[in-house]
Amino acid sequence: QSALCRAKADWLVGINATRLFSVLYHKTLTVGRVQTPTLKMLVDRDAKILRFQKEKYYTVGIQSGSLKADSGRISDAETANSLKEKCTGTTPVCTSVKREKKTEQPPKPYDLTTLQREANRLFGFTAKQTLDYAQQLYEKRLLTYPRTDSQYLTKDMGQTVQHLVSDLLRLLPFAQGLALTAELGRVLNSKKVSDHHAIIPTSEFVKQGFTGLAESECKLMNLVCSKLLCAIAAPHEYETVTAVFSCAGNEFTAKGKTVLVPGWKEIDQRFRSTMKADGEEEAESLNTLPELAEGQSFRVTSTVSEHFTSPPKAYTEDTLLSAMERAGAEDMPEEAERKGLGTPATRAAILEKLVQMGFVQRKGKQLVPTKDGINLAVVLPESLTSPALTAEWENRLTEIAKGKADPDEFMAEIEAQVRQLVKTYSCISADKQNLFQSERVIIGKCPRCSENVYEGKKNFYCGNRGCQFVMWKNDRFFEQRKKAFTPKIAAALLKNGKAKVKGLYSEKTGKTYDATVLL
């Protein structure tokens, strides 16, 4: 009943809201319980970036040999310069040294969302590409079922994984000569596996290896294998040192880090260096501080450097998938069947749909809302753009699944909400109706009547209905010479009556030539 209610409610809200807003604004505007709040998150982030005002700040640094310490932010140049002057020629004293041992636990094996996020970050794959590649590998029996939301394996898989790991160590180029004692206890937990366990390579893969796989599939297989090895390796242990120095009445801080046990990070580093992953995160710089003791003093040189605050970053598929996973989660009950927006299996398709509908565009790895996307997020009511609706539904659906709530009552409320929505937005002002009309591109002036000439889908036409001037894009002159009739050529013809065109094909000689084309 809970699943049926979810399907019906999604359909009712989606189809009615989509029709309603498409009819109002004369453009296909798809609205959905998951895709609309996702679009809103992109639009909100875009607005934050646009509104961001960068601020300048300064830091003063003191240096002695390999030791560098920093003053923290100073808002104006005068204060920074006077502090630098005061420090020059003085001998700062070390007032405190704090050492802390820290342990970084290994990552867990992949669920689909984590795999999509890391493949996006390292290789620039879109979420859909990652799902497609994983599906292909699953169909070739080299990878376990990809549409999973669990990062654990079941208790009875211990033996299998043990064999798998020792075989992988032989098979993978980056794992040659690794001494690895597998700690399986951390990844085996049957309680945390609902329908499908984490994504791992299969024993079939160990037999077959990478032969016959496309490059993208090899990358993904390597990623999954390295994650499994990392997950059962030893924790990464390191020591941090924070030293504070007093100079001219101000505090300067130096931070350092020493690795004690490389643990799983060694596998990760080896994997990255062999895969040449284009990840943004460079290997962390290990800043090892010299031996320090409280009360020690130094001869130093001092410098002032200028910095700017940086704006929030645009979403990438990696960060957006993570935000979708967490959206509205605080309002959801512990036992809700689905947390966040969408499910691991549907999130990729939702991002693709937003791009395909022209509400979002990809710029490199970034996802940025288009003008239509921004307008859509602005005109829709908050009940459709906030993840709260999803959170509220998940609460009710969980109750229905437990038999504590009445499905008919839930559906009656959904129908009432939809009726109310249609009633509230039954008409809009005339200027709003043109929000989504595509702006016509002016190419030049009409040679007959001097009105504007616009670019259409198939031609360049005069804006004055009475004048029938038109230039067709599939003009036989250009088609025979295998040349596209571009807006650039059209603009030159309108402006000067002629256009220089390169690379025209001659049917007689079979060669290309450059010429001036007359209107």
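Above this text sits the structure in question.
Thresholds applied
Residues numbered from 1 in each chain as written. Predicted model: local features only at pLDDT ≥ 70, side-chain atom pairs only at ≥ 80, totals over all residues. Heavy atoms only, no water. Helix = DSSP H or I, 4+ residues; strand = E, 2+ residues; numbered from the N terminus. Expected span 1.5 Å × (residues − 1). Pairing = 2+ DSSP bridges. Axes fitted to C-alpha atoms, helices over the stretch in contact; angles between N-to-C directions. Parallel < 35°, antiparallel > 145°, perpendicular 65-115°, else oblique. Contact = heavy atoms within 4.5 Å. Nonpolar A, V, L, I, M, F, W, Y, C, P; charged D, E, K, R; others polar. Buried < 20%, exposed > 50% of the residue type's maximum accessible area, 1.4 Å probe, protein only. Arc of directions from axis to C-beta.

So, about helix α1 (residues 2-25). Between its first and last C-alpha, α1 extends 34 Å over 24 residues, near the 34 Å set by a 1.5 Å rise per residue. Count one or two residues on from α1 and you reach histidine 26, which has phi positive near 55 degrees.

The subject of this paragraph is the sheet that holds strand β12 (residues 470-472). Pairing is antiparallel in the open sheet, where 4 strands are placed in the order β9-β10-β11-β12. Two strands lie at the open edges of the sheet, namely β9 (442-445) and β12, each paired on one side alone. Between one strand axis and the next, the sheet turns by 20 degrees as a mean value, whatever way the strands run. Pairing of strand β11 (residues 459-462) with β12 involves 3 bridges; the strand directions are antiparallel. Looking at the pairing, tyrosine 461 lines up with valine 470 of β12.

Time to look at the packing of α1 against helix α15 (residues 407-424). The geometry of α1 relative to α15 is characterised by a closest axis approach of 10 Å and an angle of 5 degrees between their N-to-C directions. The orientation of α1 relative to α15 falls into the category roughly parallel. Between α1 and α15, the contacting residues are Cys5, Lys8, Ala9, Leu12, Val13, Asn16, Ala17 and Leu20 on the first element and Pro407, Phe410, Met411, Ile414, Glu415, Val418, Leu421 and Val422 on the second. Here the residues of the contact of α1 with α15 sort into 13 nonpolar, 1 polar and 2 charged.

Another point: the pairing of strand β1 (residues 56-64). As paired elements, β1 and strand β6 (residues 301-308) share 8 bridges and run antiparallel to each other. Following the sheet pairing, tyrosine 58 is matched in β6 by glutamate 306. In this sheet, strand β2 (residues 67-70) lies alongside β1 in antiparallel orientation, the contact comprising 4 bridges. Residue isoleucine 62 lies in a different strand from β2, and its bridge partner there is alanine 69. Between β1 and β2, which follow one another and run antiparallel, lie 2 residues, and glycine 65 among them has a positive phi close to 60 degrees.

Helical geometry note: an α-helix holds 3.6 residues per turn, so side chains three or four residues apart project in the same direction. Look at helix α6 (residues 158-171): 20 Å from first C-alpha to last across 14 residues, which is about the 20 Å you get at 1.5 Å a residue. By the burial criterion, the buried members of α6 are Gly158, Val161, Leu164, Val165, Leu168 and Leu169. Projected down its long axis, α6 carries its buried residues within an arc of 135 degrees, all on one side. Facing away from the buried surface of α6 by more than 90 degrees, the exposed residues are Gln159 and Arg170. If you follow the buried residues of α6, they end up packed against α7 (203-208) and α8 (215-231).

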